[in-house]
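The chain contents come next:
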Amino acid sequence: MLLEAFSSAILGLVLAWAYVHRLPHRLPARPLVLSTGVAGALFGAFLAHGALDAGGFLLTLIGAAVVAVASLSLLLRPAGRLRRHSATA
């Protein structure tokens, strides 16, 4: 269990680091992104471990990666500014 938690935290940190370097203009501050990746991965590992009842190390890491990526995707901003026109214009 400890190895799963440590591996999930490292996986979340790596995924967040990849997001920060790939999309720096569309993300908020770096510490927020890194902590969100780690927290998402740990929560995903917790969910996968509980749902699968220790079904396997690889499945737990896959669950951690899915929730970490989903958490990080919530931080993304739109690429360009949205231009909204009023209905009367």
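Remember, predicted model here, so these are calculated numbers, not experimental data.

Undergrad: Requested: an account of the overall build of the protein, with residues and values cited.
TA: Along the backbone of the protein there are three helices and zero strands. Its helices and strands in sequence order give the protein the pattern α-α-α, from N to C terminus. Counting contacts in the protein only where the partners sit at least 6 residues apart, residues at least 24 apart contribute 72% of the total. Accessible surface, the protein as shown: approximately 6,100 Å² in total, 69% of it carbon and sulfur.

Undergrad: Account for a nonpolar patch on the surface, with residues named and values stated.
TA: Judged by side-chain polarity, Leu52, Leu58, Leu59, Ile62 and Val66 come together as a nonpolar surface patch covering roughly 470 Å² of accessible area. Residue contributions to the nonpolar patch peak at four residues, all from helix H3 (residues 57–73). Here Ile62 lies in helix H3. Overall, the relative accessible area of 45% leaves Ile62 in the partly exposed class.

Undergrad: Can you break down the packing of helix H2 (residues 30–52) against H3 residue by residue, with the values?
TA: A packed helix pair is summarised by two numbers, namely the angle formed by the two axes and the spacing between the axes. Interhelical geometry of H2 versus H3 gives an angle of 140° and a closest axis separation of 7 Å. By the criterion of interaxial angle, the relationship of H2 to H3 is oblique. Judged by the sense of rotation from one axis to the other, the crossing of H2 with H3 is right-handed. On H3, the residues that touch Val33, Thr36, Gly37, Gly40, Ala41, Phe43, Gly44, Ala45, Ala48, His49 and Leu52 of H2 are Leu59, Thr60, Gly63, Ala64, Val67, Ala68, Ser71 and Leu72. Of the residues in the contact of H2 with H3, the class split is eleven nonpolar, eight polar and no charged.

Undergrad: Just give me the short version of H3, but keep the residues and values in it.
TA: Taking 1.5 Å per residue, 17 residues should reach 24 Å; H3 reaches 24 Å between its end C-alpha atoms and fits that length. Turning to H3, its buried residues are Thr60, Leu61, Gly63, Ala64, Ala68 and Leu72. Buried residues along H3 cover an arc of 160° about the axis, so they all sit on one side. Away from its buried face by more than 90 degrees, H3 exposes Leu58 and Val66. On the buried face of H3, the contacting elements are helix H1 (2–22) and H2.

Undergrad: For the side chain of Thr36, give the residues involved together with the corresponding values.
TA: Among the secondary structure elements, Thr36 is positioned in helix H2. Under the relative-accessibility criterion, Thr36 is labelled buried at 17%. Sequence-distant contacts of Thr36, that is, excluding residues within four places in its chain, are made with Ser71, Leu72 and Leu75.

Undergrad: Break down the nonpolar core for me, citing the residues and quoting the values.
TA: Ranked by size, the top nonpolar core spans seven residues in total: Ala16, Tyr19, Val20, Leu27, Val33, Leu72 and Leu75. It is H1 that provides the largest number of residues to this core, a total of three residues. Residues in contact with Val20, not counting those within four places in the same chain, are Leu27, Arg30 and Val33.

Quick notes on the rules
- Residues numbered from 1 in each chain as written.
- Predicted model: local features only at pLDDT ≥ 70, side-chain atom pairs only at ≥ 80, totals over all residues.
- Heavy atoms only, no water.
- Helix = DSSP H or I, 4+ residues; strand = E, 2+ residues; numbered from the N terminus.
- Contact = heavy atoms within 4.5 Å.
- Areas by Shrake-Rupley, 256 points an atom, 1.4 Å probe, with all protein chains shown as cover.
- Patch = residues over 30% accessible without salt bridge, like charges linked within 9 Å, V, L, I, M, F, W, Y side chains within 5 Å.
- Salt bridge = Lys/Arg side-chain N within 4 Å of Asp/Glu carboxyl O.
- Buried < 20%, exposed > 50% of the residue type's maximum accessible area, 1.4 Å probe, protein only.
- Axes fitted to C-alpha atoms, helices over the stretch in contact; angles between N-to-C directions.
- Parallel < 35°, antiparallel > 145°, perpendicular 65-115°, else oblique.
- Left-handed = near helix turned anticlockwise from the far one by under 90°.
- Nonpolar A, V, L, I, M, F, W, Y, C, P; charged D, E, K, R; others polar.
- Expected span 1.5 Å × (residues − 1).
- Arc of directions from axis to C-beta.
- Core = buried A, V, L, I, M, F, W, Y, C linked by side-chain atoms within 4.5 Å.

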